[in-house]
Amino acid sequence: MARHIYRCPLRWSDMDAFGHVNNVVFLRYLEEARIDFMFRLAPGDGSPSFSGGSVVARHEIDYVRPLVHRHEPVIIESWVTKISAASLTIAYEVKEEDDPSTVYVRASTIVVPFNLESQRPRRISAEEKSFLEKYLDKAALAA
């Protein structure tokens, strides 16, 4: 199983009054990583995959340890834990680049492909499924 790696810079404005990255900011980090991951398939090759839109149906976040501002980016690893006919689940770990055992956040997002013209959910295409399966954690499926 492959994992998508996204290097996410920290911004001074990401900190809260307690001197660490605010919990809500982590949703933005996950969004940046998810968009970077999902659009790897579509625009560059002229593929229509994922370009029609998607919506987030659910987020789950476990905050493991506080993250304080610094100039070095964090690494966000993303992979797929579930693919159904009309949704997918993406898992994430936000961690140190130099020490991958240091994890700040573990999270997951359920994403639903969405047709922006009809304003309705749509099915995952064969091309999208083929792309997603490269990142599918088969061990998670067996559990």
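Preceding this paragraph is the structure being described.
The structure reproduced in this document is the subject of the present report.

### Some words on the overall build of the protein chain
(1) Moving on: Looking only at helices and strands, the protein chain has three helices and six strands in total.
(2) Moving on: When the helices and strands of the protein chain are read in sequence order from the N terminus, they spell out β-α-β-β-β-β-β-α-α.
(3) Moving on: Looking at the protein chain alone, contacts between residues at least 24 apart form 66% of all its contacts between residues at least 6 apart.
(4) Moving on: Surface accessibility of the protein chain: about 8,000 Å² in total, with carbon and sulfur atoms responsible for 52%.

### A look at the packing of aromatic side chains
(1) Moving on: Under the criterion given, the structure shown has five aromatic pairs.
(2) Moving on: Summarising the aromatic geometry, the rings of Phe37 and Tyr135 are spaced 4.8 Å apart at their centres and angled 85° between planes, so their arrangement reads as edge-to-face. With Phe37 in helix α1 (residues 23–38) and Tyr135 in the loop between α2 (126–133) and α3 (138–142), the pair connects residues that are 98 residues apart, well separated along the chain. Taken individually, Phe37 and Tyr135 each receive the classification buried, so the pair is uniform in this respect.

### Observations concerning α2
(1) Moving on: Those residues of α2 that fall on the buried side of the exposure criterion are Glu128, Phe131 and Leu132. An end-on view of α2 places all buried positions within 95° of arc, on one side of the element.
(2) Moving on: If you follow the buried residues of α2, they end up packed against α1, β3 (74–83) and β4 (88–95).

### A short note on the pattern of salt bridges
(1) Moving on: For the structure on display, the rule yields 11 salt bridges.
(2) Moving on: The partner of Arg58 in a salt bridge is Glu60, and the shortest N-O contact between them spans 3.2 Å.
(3) Moving on: When its relative accessible area of 44% is taken as the criterion, Arg58 is described as partly exposed.
(4) Moving on: Given the relative accessible area of 42%, Glu60 is considered partly exposed.
(5) Moving on: Here the salt bridges do not stand alone but share partners, grouping Arg3, Glu77, Glu93, Lys95 and Arg106 into one network.

### A few points about α1
(1) Moving on: Its 16 residues place the ends of α1 23 Å apart at the C-alpha level, agreeing with the 22 Å of an ideal helix rising 1.5 Å per residue.
(2) Moving on: Among the residues of α1, Val25, Phe26, Tyr29, Leu30, Ala33, Arg34, Phe37 and Met38 are the ones counted as buried.
(3) Moving on: Looking at the packing, one finds that the buried side of α1 touches β1 (4–8), β2 (54–63), β3, β4, β5 (103–115) and α2.
(4) Moving on: Here α1 starts with a cap whose side-chain oxygen sits 2.9 Å from the backbone nitrogen of Val24, and that cap is Asn22.

Procedures and definitions
Residues numbered from 1 in each chain as written. Predicted model: local features only at pLDDT ≥ 70, side-chain atom pairs only at ≥ 80, totals over all residues. Heavy atoms only, no water. Helix = DSSP H or I, 4+ residues; strand = E, 2+ residues; numbered from the N terminus. Contact = heavy atoms within 4.5 Å. Areas by Shrake-Rupley, 256 points an atom, 1.4 Å probe, with all protein chains shown as cover. Phe/Tyr/Trp six-rings, centres within 6.5 Å; stacked < 30°, edge-to-face > 60°. Buried < 20%, exposed > 50% of the residue type's maximum accessible area, 1.4 Å probe, protein only. Arc of directions from axis to C-beta. Salt bridge = Lys/Arg side-chain N within 4 Å of Asp/Glu carboxyl O. Expected span 1.5 Å × (residues − 1). Polar contact = N/O pair within 3.5 Å; in protein donor to acceptor, adjacent residues only side chain to side chain.

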